[in-house]
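# Structure at a glance
If you want the building blocks of each chain, they are given just below.
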Amino acid sequence: MQYNKVNNLLGWACLLIALATYVLTLEPSVSFWDCGEFIACAYRLQVSHQPGYPMFAMLGKVFSLLSMGDKTKVPYFTNLGSALASAATVMFLFWTITALAKKLLVAKGETITSSQLIAIMGAGLVGSLVFAYTDTFWFSAVETIVFALSSLCTAVVFWAILKWEAHADERGADKWIVLIAYIMGLSIGIHLLNLLTIPAITMVYYFRRYKNPTVKSGIVVFLLSIVLLGLVQYGIREYTIKLAAYSDLFFVNSLDLGFGSGAMCFVMLIVASLALGIRYSIRHKKPALNLALICLAFIYFGYGSFFYIPIRATANTDLNNSHPDNAFTLNDYLGRIQYGETPLLYGPYFDAKLTDQQEGKNLYRKGAERYEVSGKKLVNTYDHNTLIPRMHSTQGDPQYAQNVQFYKQWLQLADGQSPTFADNMKWMLSWQMYQMYWRYFLWNFVGRYNDADGQTSSVSIDGNWTSGWFDGSKHLPKSVTSSNAYTPLYALPLVVGLLGMAYHIKRKKADAIVIALLWFFTGLAIVLYVNQANIQPRERDYSYVGSFYAFAIWIGLGVLAINDFMRRKVNAKGAAFASVAVCLLVAPVLMARQEWGDHDRSTKMTAHDMAYNFLISCPKNAILFTNGDNDTYSLWYDQEVEGVRPDVRIVCTSLFSGDWYIRQMQKPMNQSAPLPITMPFDKYKQGVRDFMAYNDAKIPGPVDLKEVFDFITSDDERTKVQYQSGESMNYLPTKNFKLKVDPDELVKNGVVTPQQKAKLTNSMEWTYTGDYLYKDKLAIIDLLAHNDWKRPVCFTIGVAPEYMMGMQPYLYKEGFTYRLIPFKADTAVHDQLGKVNSLVMYNNVMNKFKYGNFKHARYLDDVSKTQFYPYLETTFHDLAQGLIKDGRSDLALNALHKFDQEMPDINPNIDTAHRKLLLAQLAYKLNDKELANRYAKGISNYLTDQLAYNYTLLKDKPEALNVGEVQFQLYVLNGLAETTKAYNETGLHKQFQDELNDYGSKFAVLENR
């Protein structure tokens, strides 16, 4: 009784400690990446990106209600949901560790001694609190993301199997197995990572039920566990929907019944089969069959949360990714078909050439009354294939050129050199496994230099791991050592974990195998299965948090290993206290102290305010084209939850190629009217005009955009070209476009002021930059041709140039956006995207912008420093320069002072330092030498710090030296010297020139490289 009481109390204490930590460091609003979309979809019960997270959305909705109508507090409470889930994960981890520790120290039937109780509880405290303060887990614990709830599901099911193991011989013990099945079903609606616990759970069952396990039978059971994982992942999760889709196809197309009738009949068939099967197992007393069927039923109960997806899709919510309102679209949605297929066991190398392409199965789309064939799945054959393909990017991939360049750089392959199987394995081991897993593992248990992205180099300090033991001799730059993202852990948690692993293997091999399986399947197995082809949009450490959870168990058991050693020196109780105290200090206490500054997001508002500035930069009723992820997700949050600028229609360019998204754009949303897309949706459907090629018709001069659009969308055979396959397709006959401009109409519509009328051109002319016209660009042409300048067209400053389609001469900054304005083009301007509509931009930036509490935030994440901060540097520079050009130097100086007032003087990297130099040059030009000198000194301090470190690399570790970066640093330092000379700052000029001469001579050897 004493054990249970102490175990329960300390478990809840761990929850409270973790929860207090996460609440104190909780992000108060939306954060970057997927969080904005998740909050918006939870708040308004909408449909998020593939494969859908319905259970997460519904639970998020519950937490959002705690805001009590204050929309600005919605993200705080959905973030709080993650904090609570993460704290509960820590609690269940405590109970898991104590259960395993008890098995190690106390034989069945024995009474627990006080020293054993101390050691067991200490193991639970150390292991669970270490995990609470790990870098990766803590990051997800303070924002609205699926990985917090997913970790809780993992913790609960593994704790539950240990509860079953402890009571397996008692009546009703199998209720724990049923609970596991239900949690797994629910977890599919949160994230699939929880399913990876199945092999470890199966082995617990095997070791408990089989009294004399052997290597042979163990291997067989392990293989069966893989089959079981496949049955849940593919048989239940995927093929249930796939078979429902084909049932619906039969009912709709063959029996002339309504959409959904076949799918519902298939679901009813599953329910009836399970009910009859369970009844049969009870009547014929087949307990194993009964347990299996009940577990299957409960998995389906949990999986039933996915009914949410087609229900809400049919409701036509604002955010309705893929519009999965029917079984076929839902099947593609759950299968993440838009992300493409990844070869696992056999496939092409990156230099493989396409030798054959055959049509496979039909692809279906929902028509007006029946399912229609939208095309055929293409099956490609390549000439250079391999087993276990890792470098599998081929010429059809959008990022193919970038991928190939990186493969060659990483493996040091010469141009034209064909990769071998050895290269394939080297890539897997060095990049996929080391760079994209082991590096993350070491972040969490050894330490980390900084939070910069470090995917591209294993020798750079950016994004790399460090123990901290030898950093004193490395002459690290102050930008690293003075940052709160510098978190050396001296490898102490790793050492304790390795001791615990060795002790576990020695004392309880079967349990150690189970933990090893849990670690492998939630870590390296994901690496092998996902088979990442190249650089990811961001670091992917959050995917492997389950393996860090498993290793934390061994860290907890490390207390027992140290306790076992210390018992030889002191009495049992003293050894227990000493081992617990030592491990608490060298692991969770150390980690909490080191990691706190890097995770305290309680004063940061950057994601919210960056999105706010995008929206507030737009004129009334604007159409705003945005990039995906960090641009769009936060925008969705600001608009869908807080109601910021509901008149602006957000168009995410990475989704605009989907017919479902174009259809959504043809409907009103919030307070914005439909986009002026005139072509009927039937002509935008999947399989219709997916792309068309440029085929020069030798048309002299630019052609009116409406005429171009009419030609490329015509069904007249004379407007098409026939290909060798016999297929006729529309084509783009010219790249030279024009739009007529009526100056009076533009003034009337408020596009420009009456004073700006004289600057307008009568015909906006430009050249399309691509060789193909895909569905997204076709929709943009439709929009531009028929908008008639009635609604402002804007692009966020992060949009890829390809979506500007050559219109850069007519794009003017008005804040964080470019606005399409047909002023007379000035081809002499070097930076066409540096032009500003100065007075409008001044009003937006000075009076409407928000700045994310940038100057006073205790922590700024890497995206804030490398995206939001540069956005603001560039914005203020271009604004000030534009105002000077327009004769408003007084306002330009006000703008520089506003930047200085709101933003800290930081230089996260050489690019921001260079932009800071441009601001300093403007300050000199505007006679504010105090501001200019301060910025110049800050840049110099940063540059000399970096150059000093790079010089040590040149001498001691030249392979880690980034030559291009050093050359850029010297270029900026030269710019400082020349600028201060030009403005007669003699003292500073001498300092900077001396520094330039010093480092120029030190790095002179690089000129010959």
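As a starting point, this report considers the structure included with it. Values in this document were obtained by computation on a predicted structure and should not be read as measured data.

## Some details on the pairing of strand E2 (residues 354-366)
In terms of strand pairing, E2 meets strand E3 (residues 371-382) through ten bridges, oriented antiparallel. Paired with Gln 358 across the bridge in E3 is Val 379. Counted along the chain from E2 to the antiparallel partner E3, the turn is four residues long.

## Some points on the state of the cysteines
Here the structure, examined in full by the defined rule, presents zero disulfides. Free of any disulfide, Cys 41 has its nearest cysteine sulfur in Cys 35, 12 Å distant. For Cys 41, a relative accessible area of 2% gives the class buried. Between Cys 794, a cysteine without a disulfide, and Cys 618, which holds the nearest cysteine sulfur, the sulfur-to-sulfur distance is 4.5 Å. The class of Cys 794 is buried, set by a relative accessible area of 0%.

## Let's talk about empty space enclosed by the protein
Under the definition given, this model contains eight cavities of 30 Å³ or more. Roughly 100 Å³ of internal volume is contained in the largest cavity. What lines the largest cavity is simply Phe 147, Ser 150, Ser 151, Thr 154, Leu 193, Thr 522, Ile 526, Ser 543, Val 545, Gly 546 and Tyr 549. Counting residues per element, the ones that place at least two in the lining of the largest cavity are helix H7 (146-166) and helix H22 (545-566). Empty space within the second largest cavity amounts to approximately 60 Å³. For the lining of the second largest cavity, the elements supplying multiple residues, two or more each, are helix H25 (632-640) and helix H26 (659-665).

## Thoughts on the pattern of salt bridges
Taken as a whole and judged by the stated rule, the model has 46 salt bridges. For Lys 777, the salt bridge goes to Asp 776, with nearest N and O atoms at 3.7 Å. Note on Asp 776: relative accessible area 5%, which makes it buried.

## Focus: the sheet that holds strand E10 (residues 703-704)
Across the sheet, three strands lie side by side as E10-E13-E14; this open sheet has mixed pairing. Here the strands that pair on one side only, and so sit at the sheet edges, are E10 and strand E14 (763-767). Note that E10 and strand E13 (residues 736-740) share two bridges and pair parallel. Considered in E13, the bridge of Asp 704 is made with Lys 738.

## Describing the side chain of Asp 351
Tracing the backbone shows Asp 351 in the loop between strand E1 (346-348) and E2. Lys 353 provides the closest opposite charge to the buried, unpaired Asp 351, separated from it by 6.1 Å. Among the polar contacts made by the side chain of Asp 351, one reaches the side chain of Ser 418 at a distance of 2.6 Å. When sequence neighbours within four positions are dropped, the list of residues in contact with Asp 351 reads His 384, Tyr 400, Ser 418 and Pro 419.

What counts, and at which threshold
Per chain, residues are indexed from 1 in the order of the written sequence. Per-residue local features of the predicted model are confined to residues with pLDDT of at least 70, and side-chain atom pairs are confined, for both listing and counting, to 80 or more; whole-chain, interface and lining totals are unaffected and use all residues. With hydrogens and water stripped out, all remaining heavy atoms of the structure feed into the side-chain values. Here the rule is simple: two strands pair whenever DSSP picks up at least two bridges between them. Elements are defined by DSSP. Helices are runs of H or I of four residues or more, strands are runs of E of two residues or more, and each kind is numbered from the N terminus. Counting rule for disulfides: a pair of cysteine sulfur atoms within 2.5 Å. Partly exposed describes any residue whose relative accessible area lies between the buried limit of under 20% and the exposed limit of over 50%, with all areas from a 1.4 Å probe on protein chains only and scaled to the type maximum. For each structure, a 1 Å grid was placed over the protein atoms alone; sets of points admitting a 1.4 Å probe that cannot get out are labelled cavities, open sets with protein on both sides within 12 Å along at least five of seven lines are labelled pockets, and lining residues have an atom within 4 Å of a point. Grid points are joined across faces, edges and corners, and a volume is the space filled by probe spheres set on the points. Salt bridge criterion: a side-chain nitrogen from Lys or Arg within 4 Å of a carboxyl oxygen from Asp or Glu. Positive charges are assigned to Lys and Arg, negative charges to Asp and Glu, while His and the chain termini are left out of the count. Polar contact is defined as a pair of N or O atoms within 3.5 Å, subject to the rule that within protein one atom must be able to donate a hydrogen and the other to accept it, and that residues adjacent in sequence are counted only when both atoms are side-chain atoms. The contact rule is simple, with two residues in contact once any of their heavy atoms fall within 4.5 Å.

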